[in-house]
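# Coordinate inspection notes
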Amino acid sequence: MISATKFAQPASRAARHFAGIRLLSSSPIVAAEKGGNAFKPKADRTQSMAFTKKDAGNKRTRSGTSTSVNMSSANPAYYTEQPKPKLDLLSKDTATASRLNTFLQIDDGFLQNTGKGRFPGHLAADFKLFGKPALLYRKETQVLVDQMAQNAESAPKRATVLDGQNGVGKSAELLKLAQVAATSGHIVIYALSTLPWVNSSRPYGPGYKSDLFVQYELANELLRSVVAVSRDALSKVPLGKSVTLGKRTLESGNTLADLVDVGLQTPSLAHDALDQLLDIASTQTVVPVFIGLDEVNTLWCKTSYRDQEDNVLPANRFRLARSFLPFFEGKSLAKGWVVGATSYAEVRFMPKDLKTRLNPPPAIPIANPDLARDPGVAELSFDVRNIERLSSAEAWGLMQFYQKANIVTTPVTEGLVAKKWVYANGNPRQMFAGVTTYF
């Protein structure tokens, strides 16, 4: 017969070992040594060493677009950091045909005022690797700069939208235009990205006694960039009429700079100040105006924002988008130019009907003009300018700069340039990817 005491003992040596550990860990002596807490606290899943960036200290590093390599033990005979090329700033004085196929630097202050460290399109990777914000001055750039100078005296009746395949340089061309306009004394109203207007990433709410939704924070940021870049130009333009914003009334002798300051001091008046700014600036002839919107296709898209009934809101239900829509649907400036640039990176914000109108199928010549046009495709209310791929001369200038910036370490030959140019099909974004694959 088996005794009952046999079942009271641990079945094995291992069981006795673990039983002793449990008794020891729960003893008051061990608890006192652990500070009175006998149990290990649960790990905080919001903080992990796997996602904590360690301090590099004084280690010398060489950074690429996505990696950082410790260079403290590298042989200096092979891995000496090359000095970054010195470049002239892009301005109204340097924007000339003599600079074709060379790189010019974008002013850091301009980028800080318009983007607060953010860059349009995919340019952040380029600028990080270059060590400075610099862009190729292309033949396309010269044509656009000449057109802007002409429009400063006599504005066109329609806006212009820059279109083209991904990576061809639409955002870069618009940025260069905005930089030249700022150095030419224009009133520059430039939004380097309109995605936050529609992608539900920023605060919004229903307007007071209006069916439109407001985005005070975004409107305030846009006003801040306008006054930071163009305060001198704004100060030259009188209001020409009394303007009431909230409880504040500005007289006709006040300037556009005073108007923008009211919108900055009272964020709830930012939309009112922006609408008045666009209304007065578009009709005055004292100084030219440049309005530039990147990712302009968002003005006609369905947004990711929703109303109180959880219905998807179109962009034209937002006051910010509604402020700029008229300029791309027929409203013109007295002096200046309205330019937008499309983006196909976020397909959900590119309306299908707009994409069809921007890229219509090849037309078949027909004797009857009424049959030559598809009646189902509506005409655009703005002019479209397609940004072409790099020419061979521009590809050569691009590769030469890559070598000066120590991105390309092999000799730049005609064969190498032709190879990269053909493989990328003349697309500057693909050429950049082709020479930075291992960075």
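Residues numbered from 1 in each chain as written. Predicted model: local features only at pLDDT ≥ 70, side-chain atom pairs only at ≥ 80, totals over all residues. Heavy atoms only, no water.

### Overview of the pairing of strand E11 (residues 289-294)
Rules: When accessible area is computed with a 1.4 Å probe and restricted to protein chains, residues below 20% of their type maximum are described as buried, those above 50% as exposed, and intermediate ones as partly exposed. Runs of H or I in DSSP of at least four residues are treated as helices and runs of E of at least two as strands, each being numbered from the N terminus. By the convention used here, strands pair only if DSSP detects at least 2 bridges between them.
Across the 6 residues of E11, 6 count as buried, placing the element largely inside the fold. Where burial is concerned, the two faces of E11 agree: the one with Val289, Ile291 and Leu293 and the one with Phe290, Gly292 and Asp294 are both buried. Where strand E6 (residues 187-191) lies against E11, 5 bridges are found, and the strand directions are parallel. Its bridge partner being in E11, Tyr190 is matched across the sheet by Gly292. Bridge analysis of E11 against strand E14 (residues 336-341) gives 6 bridges, and the strand direction is parallel. Within the sheet, the bridge partner assigned to Ile291 lies in E14 and is Val338.

### Structural notes on the side chain of Asn151
Within the secondary structure, Asn151 sits in helix H6 (residues 139-151). By relative accessible area, which is 3% here, Asn151 ends up buried.

### Thoughts on the packing of aromatic side chains
Using the following cut-off: For Phe, Tyr and Trp, where Trp contributes only its six-membered ring, two rings pair if their centres lie within 6.5 Å, and the inter-plane angle classes them as stacked under 30 degrees, edge-to-face over 60, or tilted in between.
All told, the structure shown has 16 aromatic pairs when counted by the stated rule. Between the aromatic rings of Phe103 and Phe401, the centroid separation amounts to 3.9 Å while the plane-to-plane angle is 10°, which identifies the pairing as stacked. On the criterion of sequence distance, the pair formed by Phe103 in strand E3 (residues 102-105) and Phe401 in helix H14 (residues 392-404) is long-range, its members being 298 residues apart. Judged by its relative accessible area of 8%, Phe103 falls in the buried class. Consider the rings of Phe213 and Phe318, whose centres lie 5.9 Å apart with planes at 45°: the pair is tilted. One end of the pair, Phe213, is in strand E8 (residues 213-214); the other, Phe318, is in the loop between strand E13 (312-314) and helix H11 (319-324), and 105 residues separate them in sequence.

### Considerations on the pattern of salt bridges
Our working rule: Any Lys or Arg side-chain nitrogen found within 4 Å of a carboxyl oxygen on Asp or Glu counts as a salt bridge.
Tallied over the entire structure, the rule returns 15 salt bridges. Across the salt bridge formed by Asp279 and Lys241, the nearest N and O atoms sit 3.3 Å from each other. You can see Asp279 sitting in helix H10 (residues 270-283) and its partner Lys241 sitting in the loop between helix H8 (216-235) and strand E9 (243-245), a full 38 residues away along the chain. Via salt bridges that share partners, Arg202, Glu217 and Glu221 belong to a single interconnected network.

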